[in-house]
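Spelled out, the chains give:
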Amino acid sequence: MKRLFTQLKGFNMLYRITMLLVAIFWYVISFGQVKLELKKYHNWQLKKMYNEAIWLDDYITAQDIAIEMIERKPNKLNYHVYFLNALVKAKKTDEAYEFAKNEFEENPYEHGKIAFYLAELEKNNGNYETAIEILSRLRTKTRRIEMGNITRERIENSIAGCNLAIKNRDTIVYTKVKRLEGNVNTSNLEFNPVLLESDELIFGNFKENTDLKEDLNRSFRSKRGFSYAKKKKDLWTIENNVPEPYFNYSDYDTGDGTYSIDKRRFYFSKSSRDNNNKYISNIYISTLESGIWSTPVKLNKSINKKGYTSSQPTVGTCYDPSLEVIYFVSDRRGGAGGKDIWYFVYDKTKNEHSKAYNVGAYINTSGDEITPYFDLESHALFFSSNGHASFGGYDIFYSKGELVNWLAVMNVGYPINSSFDDIDYFRNESGMLGVFASNRKGISLSMYNQSLNDIFLFEETTIARIFVKGQIKTQDLLMGHGFVDLTEKNQKSGVLANQSIAISQQSDTAASLLIKETFTNENGEFGVWLDKGHEYRVEVKDTLVVGGSFSFTTLNKEKVSEISLDLKPVLTIPDKPVEIENIYYEFGKAELTKETKQVLDSTLVRFVSKHPDIIIRIVSHTDNVGSERYNQRLSEKRALNVVRYLISKGISTDRLISQGKGESEPIAPNENPDGSDNSEGRMKNRRTEIEIIGIR
C-alpha cells in the first residue's frame, strides 16, 4: 500500500502522511490475511479471480485483489482502474471519490475511465458544473486515450444529466420523500420494495449475520431473501413470517418477484453460483392451484439463457387481453449494453410462455437498465438506468408503451431521483403512495464502509389519479321486438355481474393502449384508478353482449378525484333460440301468408335492420302429423322462405342461415295422456324461432 500512495504526487506532506497512515491501518486490519493468501497467485490468476468476484457482486474481495495487483505493478494504470471500479460498484462513494480525484490529478485524462468515474462521483456530490467541465474535455479525447467501455454516447448522456439536474434545482415539487423508520432499513442492502397495502411491505434484504464477502472455497449459501414488514405507529417493523408465495431458500438467493395480473401466477428469480463461479439468476414460476402455491418451476431455456442472468421480473399488459407480458433484466448477448430489459409473453389460453425478446433501443442503452416495474394504470414501464441522462448514478425513468413500441423516455425527476443511485420504483393503484430504494446521503454505512440501498417512501401532495366507477346494466337484445323468450319469458333487464371488462387508453396519434382487465362485482359495478388527461374506453369482453363499449374522458379533471359514469344498458344476446310469435302457414304448405309477412316486418325485419352486425339462424319446427321425413322437408322449406323474405328486404345473405328440425324437438305433447289429439300442444310445436349465432 505504501508504494500505491507514494505514486500520488503534488500533495502537501501532512496530507500524504495522513492518507498513508489511514490506508495502512485500513489495509492491515481488514485485509492482512487476504494479502498473504493472494501472494501465491500469478497475475493472470488474480485477473480471473477479480472478474469472478465482480460476477459474484463480491466487490470487497475484488478490492483486495486489485490492491495486490497494484502492489506488484504500481505503474500499471489499468490496475488502478480495477480498484476504482470495485470501490464504485461497492458503493464506497467517499473512498472512490478521493481515490479518483488523486488519480486524476496525478495523471489527468491518461485513462478515460478514471476521468469518467470522477465526473460521475462529482455528480454524486452535486458538483454538476465540475462534472460538465471534466466530461466536456473527455469528449474531445475519446479517440486518443484508453476509454474501456466508456462510449461517447455515455459521455453525452452524462452531460445531459448534469444539465437536467441543474435545471431541476429550483423546480417546485409536490412529492414528499422520507426514509422508512423502524427496523426495515439497516447498514446492509434493502431492495425491491412492494407495497401490498399502505401499511404492508414486501422487500428483499440481506439475511442476519451475513458477511458480504463471498468464500469461493465453500458451497454457495444464501445471503438474500424476502422479508415482510408492517407499519405500526409510524414505524415499519419486520414480521417473523413471510407470506406465500414469497419463497426463501438456504441455497439460493431470492428477493425480487411479481404476481400475474390475476394473482394466479408468481414470477421470481433464484440466484446462486454456476459451475464457472459466476453469480447467475434464473426466473421461476409458481401457480395457485386449489388455494395452494405449486412448487416453483424454472422457465424455458430462451428465457433463462445458460451462462447469463435473468432476473427482476415484472408483469404488464399488451394489446391482447389473453396475453400478459413479463419484462425482466438480463446481461445476455444481443442487447445494447451491459444489462438490458427483455420480455417474454404468456398466452393464458394456451398456457405457454414465448421465447425472450429485447425491448429495443428506446429503453436500453450502452449502460445498464435494471429494476423494471410496469405500472398498469398508466401503461408505463418504470426502470432505472445509468445510461440515460441522470442526476447521478442510476436514475428512475419511465416510458409509455408495450413490447418493442415505446414513447420517449422521461426522467421522473426530483425529489425521487437524486445524485446517487435510485432504483426499484413501485407505486400503488391511486398513485398517491410509493416506495423505492436509494443509497443517497444520510443512510447508514455497512461494516465495509459501503453506502448500500435503503428503502424510501414517497407521497404525492396533489391528486395523482382519478378513481372511475360505474355500473353496467343489461337489457335483452330482443326486448320490444315482439319475440317470446322460451327460457325466461319474464326477463326484462338486470346487471352485468362478475363479467370481464377491458379498459384502454385512446389516442389520435397511436394505437390504443390496454390499461387493464378487471371484473364487475355481483351488482355489475366496477372501479379503477386511471391517469388524468386522457380519453378512455370500456369494453365488455362477452360475445353475448351487443354495444358493450363506452367512451369517457379524464381531460380537464385536474381537481377531480372521482368520476361516476352514467352508462347506457348493454344489450344481451339470448344463449338459446327465441320464438317469433304469430308466424302461421297454411296446412301442409311452406309459403308465407300475408299476415305472416306483416308479423315479420314488425319484428324480425326491424330487428336485423337495427343491428346490422348480428348473424342469425332461422329454425322451423312442425308437429308430428305426417311422416318424419315429410315434416323435416316441410320445416326446411318454411325456414328457407323466411330467409328469402329477409333477403328481399335488403338483409345481406351472409347474415342469414336457415335450418329445419321437423318434429324432432317438440316443446309440448302432441297427444293427451289418454291418446287423444292435443291441438294446443301441436300449435306450440308448429313454431319458427330466431337464434343469434354471432356478431361479424
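Remember, it's a predicted structure, so these values are computed and weren't measured experimentally. (Residues numbered from 1 in each chain as written. Predicted model: local features only at pLDDT ≥ 70, side-chain atom pairs only at ≥ 80, totals over all residues. Heavy atoms only, no water.)

**Description of the pattern of salt bridges**
Overall, the coordinates contain 31 salt bridges when judged by the stated rule. Salt-bridge contacts for K348 lead to E517; the nearest nitrogen and oxygen are separated by 3.9 Å. Taken together, the residues span a long stretch of sequence, with K348 in the loop between strand 13 (340-347) and strand 14 (352-353) and E517 in strand 29 (residues 513-519) at a distance of 169 residues. Linked by salt bridges that have partners in common, D375, E377, K400, R427, E429, R465, K516 and D531 make up one network. (Salt bridge = Lys/Arg side-chain N within 4 Å of Asp/Glu carboxyl O. Helix = DSSP H or I, 4+ residues; strand = E, 2+ residues; numbered from the N terminus.)

**As for the nonpolar core**
Counting residues in hydrophobic clusters, the biggest one holds 47 residues, and the most contacted among them are L138 and I155. Breaking this core down by element, the ones donating at least two residues are helix 3 (43-55), helix 4 (59-72), helix 5 (77-89), helix 6 (93-106), helix 7 (112-124), helix 8 (128-139) and helix 9 (152-168). When residues no more than four places from it in sequence are discounted, the contact partners of L138 are Y109, G112, A115, F116, I145, M147 and I155. Among the nonpolar cores identified, the runner-up in size contains 27 residues, and L592, V599, V608 and I616 belong to it. (Core = buried A, V, L, I, M, F, W, Y, C linked by side-chain atoms within 4.5 Å. Buried < 20%, exposed > 50% of the residue type's maximum accessible area, 1.4 Å probe, protein only. Contact = heavy atoms within 4.5 Å.)

**Regarding the side chain of R687**
If you trace the backbone, R687 turns up in the loop between helix 12 (679-685) and strand 39 (688-695). If we ignore the near neighbours within four places in the chain, the residues touching R687 are E579, V619, S620, H621, E665, P666 and I667.

**Thoughts on helix 8**
Taking 1.5 Å as the rise per residue, helix 8 with twelve residues should run 16 Å; its terminal C-alpha atoms sit 16 Å apart, in good agreement. Of all the positions in helix 8, only Y128, A131, I132, I134, L135 and L138 are classed as buried. End-on, the buried residues of helix 8 take up no more than an arc of 170°, which puts them together on one face. Each element contacted by the buried residues of helix 8 is listed here: helix 6, helix 7 and helix 9. (Expected span 1.5 Å × (residues − 1). Arc of directions from axis to C-beta.)

**Here's the deal with the sheet that holds strand 23 (residues 454-460)**
Spatial strand order, 1-23-22-21: four strands in an open sheet with antiparallel pairing. Bordering the open sheet on either side are strand 1 (175-179) and strand 21 (422-427), each of which pairs with just one other strand. For this sheet the average axis-to-axis angle between neighbouring strands, irrespective of direction, equals 25°. (Pairing = 2+ DSSP bridges. Axes fitted to C-alpha atoms, helices over the stretch in contact; angles between N-to-C directions.)

**Focus: the pairing of strand 31 (residues 535-540)**
Across the two faces of strand 31 the burial differs, with Y536, V538 and V540 buried and E535, R537 and E539 not buried at all. Pairing geometry for strand 28 (residues 500-506) and strand 31, over six bridges, is antiparallel. Counterpart to I503 in the pairing with strand 31 is V538. In this sheet, strand 33 (residues 549-553) lies alongside strand 31 in antiparallel orientation, the contact comprising five bridges.

**So, the sheet that holds strand 5 (residues 235-238)**
Pairing in this open sheet of four strands is antiparallel, and the strands run 2-3-4-5 from one edge to the other. The sheet is open, and its two borders are formed by strand 2 (190-197) and strand 5, each paired with just one other strand. If you compare each strand with its neighbour and ignore which way they point, the axes differ by 30° on average. Pairing of strand 4 (residues 224-232) with strand 5, which is carried by four bridges, proceeds in the antiparallel orientation. Bridge pairing in strand 5 places K230 opposite T237.

**Let's talk about the environment of K469**
On the secondary structure map, K469 appears in strand 24 (residues 465-471). Linking K469 and S564, residues 95 residues apart in sequence, is a C-alpha distance of 5.1 Å. When residues no more than four places from it in sequence are discounted, the contact partners of K469 are F526, G527, E562, I563, S564 and L565. For K469, the side chain forms a polar contact with the side chain of E562, separated by 3.1 Å. (Polar contact = N/O pair within 3.5 Å; in protein donor to acceptor, adjacent residues only side chain to side chain.)

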